[in-house]
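Overview (structure and organization)
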Amino acid sequence: MTPERWVQIKDIFASVVELPPEARRAGIAGLCQGDAELEVEVERLLSQHDDMGGFLEGSSPASSKSTDEIFSPGNVLAGRYRILEPLGSGGMGEVYAAEDQDLGEPVAIKVIRPQTPFGPGLLDRLRREVQLARRVTHPNVCRVFDLGHHQQANQEFIFLTMELIRGETLSNRLKREGRIAPTEALLIAEQLCQGLEAAHRASILHRDFKCSNVMLIGSGDQVRAVVTDFGIARLIRPPDESQSLTTTHGMVAGTPAYMSPEQLLGEDLTAASDIYSLGLVLYEMVTGSRPFRDESSWTETLKRLTNVPPAPVKVAPELNQRWNSTILRCLARDPAKRFSSVREVAESLKRRRGASPRLPLRFVVLAGACAVVLVVVAGFLLRDRIWTPKLPAQKHIAVLPFTFVGTDPANQAAAYELSESLTGNLSRLQASESSLWVVPWQEVRNQKPGDEAHASSSLGVNLLLTGELQKNAGTLRLLMELKDSKSLKPLRSGTVAIPGSQIATLEDKLFEQASSMLQLHVPPETLHNLPVGATTEPGAYEFYEQGRGYLLRSSPAALDDLDRAIALLQKAIDKDANFALAYANLASAYARKFRQTNDVQWLNKAKPMCQRALSLNENLAPAHVALGRIQEATGDREGAIREFEKALQLDPTDDATMTALSRAYDSAGRFLQAEALLKDAVRRSGISVNYAYLGKFYWDHADYAQAESAFHNAIELAPDNPLSYYSLGGVYLAEGKYKEAEDILTRGIVIRPTAGAYANLALARQYQGHYDEAAAMFQKAIELRPDDHRNWLNLAVAYHLAGNRPKAVAAFQNALQLTQKIAARSPKDSGILGWQARYYAELGEKAKAEQVLASALTLSHNEPELLFNSAVVYELARERDRALAALRSALLAGYSFSEVQNAPEFDQLRQDKRYSRINGN
């Protein structure tokens, strides 16, 4: 549709929208002058206007009681929901209060009238939108639970179950009382911003944000505002509507009086569109009317495309400048000139922080005395009436990394270790506490302090346990707080304080205190009670806590942490030569050092440490895990499996051991056992991370359909965890579903951008032929991770495909230099040598490439990635026979055929008749 055609449609629409229904037809015919296609477009726009403006308005009982409700109190829908009372009606549906008889909880039921004219596929669209809406969990957003069907009198009814909110819409409040005072309006505005922010974090736009989609419970300083109807009303579309749910280009859906200019023009939408609608709601809330409200509804809308709205202060002179400037910026016609997020809107409305006005001393003294009196009186009144918030029946908990009050990095590492050990201890209660789910430590270990607000939807939990370690005058004190993950309101708190001489008892005391806060029963046998593996030497235990904390935090990028862990664990052993846990963890540290350096001296050091730990306590699970790691490193896969199985028998709830065993089964070719172990974890505890582990297994075996399903489940359970989006994006790439990959990766990047996500997004665009865009995305990946040689490789390939050879060469040279640095530290890393050989080949240095490749192949013969890089080297060296042989070996070893298909280095090779036979066909 051309812009001129769109303007013509809007002009005719504006002329007839206010006419009575019976007069519209003649008006349209006269203005369209025989243009049948134009008539159809205007009719479509009118239909959208009527449908979107009337459905699910959330009207209050007092104002919209219907005399012909579809259902009556006592009716039961779908054999489950008993109607209690009608709440209101809109142009296309009825709203009821009901009881969910299965759960014994109240819900709201929104029923779509059966005579409503729907297009084909409505139910599928509704179902997908409900799945999206369920991802938004926030106190200021009305929860959407499910989509249901009910058969009655040979008719099928579609209904939605939602959170029951008893209050009135902001629209009705404004009609009843007029403008809202700025003090209360600020409370409402902040809550609306929080609700919209939660939706935007989940990559969901409201697109129909208006006063009638805001419910108010209470008033004054006790008011609660709830945003309703995310993405629901906009689904009711004409029968021939076939547009994708995730785009709005060319589609005008929503209520025109609250649409942004870009929404009116049918352009693609961003969060800025919701911010514009928010500005209109704020304007109406504090002035009592919308800009240009004296005009007809569509003329009012069209004026917003061309006219600057009158300043709110001109309508309500008592408003201060904060309200005025914030609202006007929200209503900027250019989306780029609005606030970049709703959080910024809330911050703009808040009063600037500054020094409080100083009171005369006599008033300060008087106020202090009054405060003391009030505290004393309150203490007497409340000492026997302390209210403790109720905990949820299902306790899905994450123990976030504890912090240390101070600057000592060793004590910070000790705090980190205490949170990990508490996670493991609480996990052991899962066998006896069916209501308890504990997120594995490896999923929370990188959670950033202060980012608790995202934990609920990123980890799929409803409870958070945080802690702060303090050390003062020889006393250790750890303050813990149990919080509701959504509201972050404290539910319980507890403190453990011990003398430094009793540090070895700290883990047990933390476990007991946390279990008490969670109202969990702790069997005495689950406490350590200083087993043979522990120590009674305070100094040894302190070094152990610090060393293990560094070991837990260490990563390939943090070699210093691993070195500190080794030094501190050795100090613990020097203090107590019989400290079995310290030996076991030192063995693990040495084994990890070997994996990072490929230097066999670290394996030689690890073995005696492990043997010493097991000689002190043969039932020490961490010692068996460490020995399993050592067996893996030496190529003894069956030996590794035996050790991991023994460790899992000793500690069946340890998720890290479970994943290690599944990987060992997998590498030994025992695929069914690996799959069964992961499926059992899903059945035992259907949390997001277990689905992610299962998805990774299927991904590794190129079972993309199963992987796709598993990652979808992971996203549904933890919709704010970007890793599942990235994994699903990788699956789509492997399947050749590049547009789907682009969409899902973009949603993940909105939550948290990473180099890997940008790299995969770039590949999705590159595979679709958008080489310049791919290069721009690879640049973003490099900005986040400049030391990853694969990012430079990808950038080089994108430049090559775009025809920019000089930039491609420069990128290949950067990639080569990075692998040379890694090879200098780890000269026996066959994978790095394979990459290095490839970069030499890409730069035309054939002899050097084959020399380095030969060294790599003497270290490993069956690594899929190395075999693939070998094929690239041979193809670039014009050795086609060897390239085909290497490529076939890579595919047999599990390398992705989709990546082979997309590798530009094989453009000519794919023309070879023998290529069609290398995939085992």
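Relevant structure appears above.
Model, not experiment: these values are computed from the prediction. Throughout, a residue's number is its position along its own chain's written sequence, starting from 1. Note on the predicted model: pLDDT of at least 70 is required for a residue's local features to be given, and 80 or more for side-chain atom pairs to be given and counted; whole-chain, interface and lining totals, by contrast, use all residues. The side-chain figures draw on all heavy atoms in the structure; neither hydrogens nor water molecules are used.

1. Remarks on the overall build of the protein
Numbering of helices and strands runs from the N terminus, with a helix taken as a DSSP run of H or I at least four residues long and a strand as a DSSP run of E at least two residues long. When you go through the protein residue by residue, the secondary structure sums to 39 helices and 15 strands. Buried, partly exposed and exposed residues are distinguished by accessible area as a fraction of the type maximum, computed with a 1.4 Å probe on protein chains only: under 20%, between the cut-offs, and over 50%, respectively. Looking at the protein as a whole, 53% of its 921 residues qualify as buried. We call two residues in contact when some of their heavy atoms are within 4.5 Å. Put simply, of all contacts in the protein between residues at least 6 apart along the chain, 58% involve residues at least 24 apart. Surface exposure here means Shrake-Rupley accessible area, sampled with a 1.4 Å probe, where a residue is shielded only by the protein chains that are shown. Carbon and sulfur atoms provide 51% of the accessible area of the protein, an area that totals close to 41,600 Å².

2. Looking at the packing of aromatic side chains
Stacked, tilted and edge-to-face pairs are distinguished by plane angle, under 30 degrees for stacked and over 60 for edge-to-face with tilted covering the rest, among Phe, Tyr and Trp rings (Trp via its six-membered ring) whose centres lie within 6.5 Å. Under the criterion given, the structure shown has 14 aromatic pairs. Considering the side-chain rings of W699 and Y704, the 5.6 Å spacing of their centres and the 55 degrees angle between planes classify their relative orientation as tilted. Residue Y704 is classed as buried on the basis of its relative accessible area of 16%. Both rings, one in F868 and one in F906, keep their centres 5.7 Å apart while their planes meet at 85 degrees; by these two values the pair is edge-to-face. Here F868 is found in helix α37 (residues 864-876), whereas its partner F906 is found in the segment after α39 (897-902), with 38 residues between them in sequence. The same class applies to F868 as to F906, namely buried. Ring-pair connections join several aromatic residues into one group, and the members of that group are F71, Y96 and F157. Here, a charge over a ring means that NZ of Lys or CZ of Arg falls within 6 Å of the ring centre while also lying within 35 degrees of the ring normal. The ring of F339 is capped by R329, whose NZ or CZ atom sits 4.2 Å from the centre of that ring.

3. Digging into helix α22 (residues 600-616)
An α-helical segment advances 3.6 residues per turn. Residues three or four places apart therefore align on the same side. To estimate how far a helix should extend, the number of its residues minus one is multiplied by 1.5 Å. With 17 residues, α22 should cover 24 Å at 1.5 Å per step; its first-to-last C-alpha distance of 25 Å lies within 8% of that length. Along α22, the residues classified as buried are W602, L603, A606, M609, C610, A613 and L614. Buried residues in α22, looked at end-on, bunch into an arc of 130 degrees, giving them a common side. What points out from α22, more than 90 degrees from its buried face, is the exposed set Q611 and S615. Packed against the buried residues of α22 are α21 (580-597) and α23 (621-633). For this quantity, the arc is that covered by the directions from the helix axis to the C-beta atoms.

4. Focus on the packing of helix α34 (residues 805-825) against helix α35 (residues 830-842)
Between two packed helices, both the angle of their axes relative to each other and the distance between the axes serve to describe the pair. Here an axis means a line fitted to C-alpha atoms, over the contact stretch when the element is a helix, while the angle between two N-to-C directions is reported on a 0 to 180 degree scale. Where α34 contacts α35, the axes come no closer than 9 Å and their chain directions differ by 150 degrees. The orientation of α34 relative to α35 falls into the category roughly antiparallel. For the pair α34 and α35, the sense of crossing is left-handed. Contact residues: α34 offers R805, F812, A815, L816, T819, Q820, I822 and A823, while α35 offers I832, L833, W835, Q836, Y839, Y840 and E842. By residue class, the composition of the contact of α34 with α35 is 10 nonpolar, 3 polar and 2 charged. Here the angle decides the label: under 35 degrees means roughly parallel, over 145 means roughly antiparallel, 65 to 115 means roughly perpendicular, and every other value means oblique. By the definition used in this description, the sense in which the near helix is turned from the far one sets the handedness, with an anticlockwise turn below a right angle giving left-handed and a clockwise turn giving right-handed. Side-chain classes are defined by residue name, with Ala, Val, Leu, Ile, Met, Phe, Trp, Tyr, Cys and Pro counting as nonpolar, Asp, Glu, Lys and Arg as charged, and the others, Gly among them, as polar.

5. Points about the environment of Q321
With respect to the helices, strands and loops of the structure, Q321 is situated in helix α12 (residues 321-330). With 28 residues separating them along the chain, Q321 and L349 place their C-alpha atoms 9.4 Å apart.

6. Examining unusual backbone geometry
Positive phi, close to 70 degrees, is recorded for R207, a residue that is not glycine. Residue placement: R207 occurs in the loop between α7 (182-201) and β8 (214-217).

7. Side note on the pairing of β8
Here a strand pair is declared whenever DSSP counts at least two bridges between the two strands. Sheet analysis places strand β7 (residues 168-169) next to β8, joined by 2 bridges and oriented antiparallel. Bridging from a neighbouring strand, T169 pairs with M215 of β8. In textbook terms, the turn of a hairpin is the stretch between consecutive antiparallel strands, and for β8 and strand β9 (residues 224-227) this stretch comprises 6 residues, one of which, G218, has a positive phi near 75 degrees.

8. Regarding helix α9 (residues 271-287)
If you check α9, its first and last C-alpha atoms are 24 Å apart, about what 17 residues at 1.5 Å a residue would give, namely 24 Å. Burial within α9 is extensive, with 16 of its 17 residues counted as buried. Following α9 by one or two positions, G288 has its phi on the positive side, about 90 degrees.

9. Regarding the pattern of salt bridges
Basic side-chain nitrogens of Lys or Arg form a salt bridge, by our definition, when they fall within 4 Å of a carboxyl oxygen of Asp or Glu. Counted by the stated rule, this structure contains 37 salt bridges. Across the pair D788 and R790 runs a salt bridge, and its minimum N-O distance is 3.4 Å. Judged by its relative accessible area of 9%, D788 is buried. Of the residues examined, R790 reaches a relative accessible area of 38% and is grouped as partly exposed. When the shortest N-O distance is used, the salt bridge between R838 and E842 registers 3.5 Å. You can see R838 and its partner E842 sitting in helix α35, 4 residues apart, about one turn around the helix. Neither R838 nor E842 differs from the other in exposure class; each is buried. Here the residues in one salt-bridge network are E168, R173, R176, E177 and E184, joined through shared partners.

10. Observations concerning the nonpolar core
Counting residues in hydrophobic clusters, the biggest one holds 100 residues, and the most contacted among them are F778, L795, F868, L887, V900 and F906. In terms of residue count, the dominant contributor to this core is helix α31 (residues 755-767) (8 residues). Apart from residues lying up to four places away in sequence, L795 is in contact with A775, F778, Q779, I782 and A811. Put simply, a nonpolar core is a bunch of buried Ala, Val, Leu, Ile, Met, Phe, Trp, Tyr and Cys residues held in one set by side-chain atoms that sit within 4.5 Å of each other. With 70 residues, the next largest nonpolar core counts L391, A514, V522 and A582 among its residues.

11. Regarding the sheet that holds β9
Judged by pairing direction, the sheet is antiparallel, and its 3 strands sit side by side in the order β7-β8-β9 without closing on themselves. This sheet does not close on itself; its edge strands, each paired only once, are β7 and β9. Across 4 bridges, β8 lies against β9 in antiparallel orientation. Among the inter-strand pairings, M215 is bridged to a residue of β9, identified as V226. Packing against the sheet, α7 makes contact with β8 and β9, and its axis sits at approximately 35 degrees to β9.

12. Comments concerning the environment of I566
Inspection of the secondary structure puts I566 in helix α20 (residues 559-575). Remark: the alpha-carbon pair of I566 and G547, spanning 19 residues in sequence, is separated by 6.8 Å.

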